[in-house]
Amino acid sequence: MSDRKFTTTSGIEIKDIYTLAKPSAEMPGQFPFTRGIQKDMYRGRLWTMRQYAGFSTAEESNKRYHYLLAQGTMGLSVAFDLPTQIGYDSDHDMAEGEVGKVGVAIDSLKDIEILFDGIELKKITTSMTINATASILLAMYIALAKKQGADLKEISGTIQNDILKEYAARGTYIYPPKPSMRIITDIFEYCSKEVPKWNTISISGYHIREAGSTAVQELAFTLANGKAYLNAALEKGLDINVFAKRLSFFFNCHNNFFEEIAKFRAARRMWAHITKSLGATDEKAMMLRFHTQTGGSTLTAQQPLNNVIRVTNQAMAAVLGGTQSLHTNGYDEALSLPTEAAAKIALRTQQVIAFESGVTDTVDPLAGSYFVETLTDEIETAALAYIDKIDAMGGSVNAIENGYIQQEIANSAYQYQKEVESGDRIIVGVNKFTQQKEGITDVLNIDETIRTIQTEKLKLLKAQRNNDAVNLALDNLQKAAKSDQNLMPYILTAAEEYATLGEIADCMRNVFGEY
């Protein structure tokens, strides 16, 4: 037996050998869903293969979407540029240098019409990674669906809409926490009546992990945020058996294979107990459904083709952990937005796992593994200890406002970096097995003229639209923001009149202020 101490990335000690402490009679598709939310899992239906894409202008992103759909992608996942994420039009001073860089620039419904040109919204599911301006982008999407003649009761997709993790880990917030939570619960309420198949929030651990958290912290802080959204909706008088069915989660998947699988299994079990404790009686309202993205921060600029192996390892862990939806990163994403070639090999990775590996042939194939079952229990115990601390502070909003969650993430990120620099943690090609000359990878460059193109489009839009109707819609939205009315119908009207994203966001800035 080795004297060396082995631990997971969360510091859970790994024994030399495991024997099963307590056999489980749990079955897939049954509470508390440790083994999966469907009794037949991938034998019945594969996970949705999404590829996160969006860059430059709506025209350029539309071409990429058509390419991905032709290659076998089952759903679209839209990346937005930073000005869009924080409520600035492309011609705003704050947008300079960022237009079209980390995602597509969307300034109005006109851009959404171009983005989905030739794509029937009733035939696809669309995931939108958007938070502070989620209400505006959803309104634009609904407006386009109406123009296409789609039945709003049937269109489906997801908005990320998780503002708490923005305060904790990512930073693309606009308004203070309380009005932000009001907008989110307005979306819950509106969609439950008007767009019932839409997933109104994707509670995200992904960015918590990217900021440097451990796997246990990612799980704990994500579910604690989920509890905060449940409580906010309950306070608004919404029925947990209705709105909880439209909540989904978004997790990261890093390199420690068994820890990640155990994390996903523990997440389902924990969420089932959380929702039940808050009054859910419908089992569908207790199911944790989640999308997974492979770890962006695990990708290396050095020897970038090694990232193909990392992504494959992470994707396999996500599948064995029972994900409902998966995005695999391009091998070149430590250098730039993914090239077409990198996006294709990332999608093919999922397809090879699905159709050639055999891991989809039976449900939860690692169940009963002494190691996986024990690790699932240990991760749950460690995550619950964090949640208990956060509950004692009054919940996630208070824990974020007093800096507790941010400090815990920062401490973990610092510890990780120390281990890499000391060589205690090996990163292949970075601090071991390095080479002097790196192979050059083609990278995707975004032309700086994108902002000029978007600015010209905005000038033309403002000259052609009915500005009286726009001003009336914006005035009505601002009045509604000062009352307790649901904001979504007012945001939708403004979007349909071709008010810009910045104009709509500014209406709410005028009332709520900035954080």
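Conventions and cut-offs
Residues numbered from 1 in each chain as written. Predicted model: local features only at pLDDT ≥ 70, side-chain atom pairs only at ≥ 80, totals over all residues. Heavy atoms only, no water. Pairing = 2+ DSSP bridges. Helix = DSSP H or I, 4+ residues; strand = E, 2+ residues; numbered from the N terminus. Contact = heavy atoms within 4.5 Å. Axes fitted to C-alpha atoms, helices over the stretch in contact; angles between N-to-C directions. Phe/Tyr/Trp six-rings, centres within 6.5 Å; stacked < 30°, edge-to-face > 60°. Buried < 20%, exposed > 50% of the residue type's maximum accessible area, 1.4 Å probe, protein only. Lys NZ or Arg CZ within 6 Å of the ring centre and 35° of its normal. Salt bridge = Lys/Arg side-chain N within 4 Å of Asp/Glu carboxyl O. Parallel < 35°, antiparallel > 145°, perpendicular 65-115°, else oblique. Left-handed = near helix turned anticlockwise from the far one by under 90°. Nonpolar A, V, L, I, M, F, W, Y, C, P; charged D, E, K, R; others polar.

A.B. asks: Is there a simple way to think about the sheet that holds strand E3 (residues 48-53) in this case?
C.D. replies: Hydrogen bonds along the backbone pair up the strands of a sheet, which may run parallel or antiparallel. The sheet built from nine strands is open, its strands ordered E7-E6-E5-E4-E3-E11-E10-E9-E8 with parallel pairing. Only two strands of the sheet have a single partner each, and these edge strands are strand E7 (198-199) and strand E8 (201-204). With two bridges joining them, strand E6 (residues 156-159) and E7 adopt parallel strand pairing. Bridge pairing in E7 places Thr158 opposite Asn199. Set on the sheet, helix H11 (residues 257-277) makes contact with strand E9 (247-253) and strand E10 (290-294); between it and E9 the angle comes to about 160°.

A.B. asks: Teacher, can you tell me more about the packing of aromatic side chains here?
C.D. replies: For any two aromatic rings, the description comes down to two numbers: the centre-to-centre distance and the angle of the planes. If you walk through the whole model with that rule in mind, you get 20 aromatic pairs. Aromatic side chains Phe251 and Phe290 sit 5.7 Å apart centroid to centroid with 70° between the ring planes, which places their arrangement in the edge-to-face category. Taken together, the positions of Phe251 in strand E9 and Phe290 in strand E10 put the pair 39 residues apart, joining distant regions of the chain. Residue Phe251 is classed as buried on the basis of its relative accessible area, which comes to 0%. Classification of Phe290 as buried rests on a relative accessible area of 2%. Among the aromatic residues, those joined into a ring-pair cluster are Phe249, Phe251, Phe264, Trp271 and Phe290. When the ring centre of Phe31 is taken as origin, the NZ or CZ atom of Lys276, which lies over that ring, is 4.6 Å away. Above the plane of the ring of Tyr88 lies Arg509, whose end atom (NZ or CZ) is 4.6 Å from the centre.

A.B. asks: Explain the pattern of salt bridges to me, please; I cannot follow it from the model alone.
C.D. replies: One side chain can pair with another of opposite charge once the charged atoms of both are near each other. Under the definition given, this model contains 28 salt bridges. We note a salt bridge from Glu154 to Lys197, for which the minimum N-O separation is 2.8 Å. Residue Glu154 is found in the loop between helix H5 (134-148) and E6, and its partner Lys197 is found in the loop between helix H7 (177-194) and E7; the two are separated by 43 residues along the sequence. According to the relative accessible area criterion, Glu154 is partly exposed, its value standing at 44%. One salt bridge in this structure joins Glu380 and Arg269, with 2.9 Å as the shortest N-O distance. Here Glu380 is found in helix H14 (residues 370-392), whereas its partner Arg269 is found in helix H11, with 111 residues between them in sequence. The buried category is assigned to Arg269, whose relative accessible area is 10%. One connected set of salt bridges, linked through shared partners, spans Arg35, Arg265, Asp364 and Glu373.

A.B. asks: It is not clear to me how the packing of H11 against helix H12 (residues 306-320) should be interpreted in this structure. Could you clarify?
C.D. replies: At a minimum axis separation of 8 Å, H11 and H12 run at an interaxial angle of 30°. When the interaxial angle is binned, H11 and H12 end up roughly parallel. Note that H11 runs across H12; the crossing there is right-handed. Counted together, Phe257, Glu260, Ile261 and Phe264 of H11 and Asn313, Met316, Ala317, Ala318 and Leu320 of H12 form the full contact between these two elements. The class makeup of the residues in the contact of H11 with H12 is seven nonpolar, one polar and one charged.

A.B. asks: Even after reading the chapter, I still don't get the pairing of E8, so can you show me in this structure?
C.D. replies: Regular strands show a simple pattern: their side chains alternate between the two faces of the sheet. Of the two faces of E8, the one carrying Ile201 and Ile203 and the one carrying Ser202 and Ser204 are both buried. In the sheet, E8 pairs with E9 via four bridges, with the strands oriented parallel. Opposite Ser204, over in E9, you have Phe250 as the bridge partner.

A.B. asks: What exactly am I supposed to notice about unusual backbone geometry here?
C.D. replies: Cis rather than trans, the peptide bond between Phe31 and Pro32 has omega equal to 5°. Looking at the secondary structure, you find Pro32 in the loop between strand E2 (13-14) and helix H1 (41-44). Even without being glycine, Met41 reaches a positive phi, approximately 40°. Its location among the elements puts Met41 in helix H1. Given the relative accessible area of 7%, Met41 is considered buried. With phi around 70°, Tyr498 is a residue other than glycine that occupies positive phi space. Its location among the elements puts Tyr498 in the loop between helix H19 (488-496) and helix H20 (501-512).

Nothing here speaks to function; it is all geometry.
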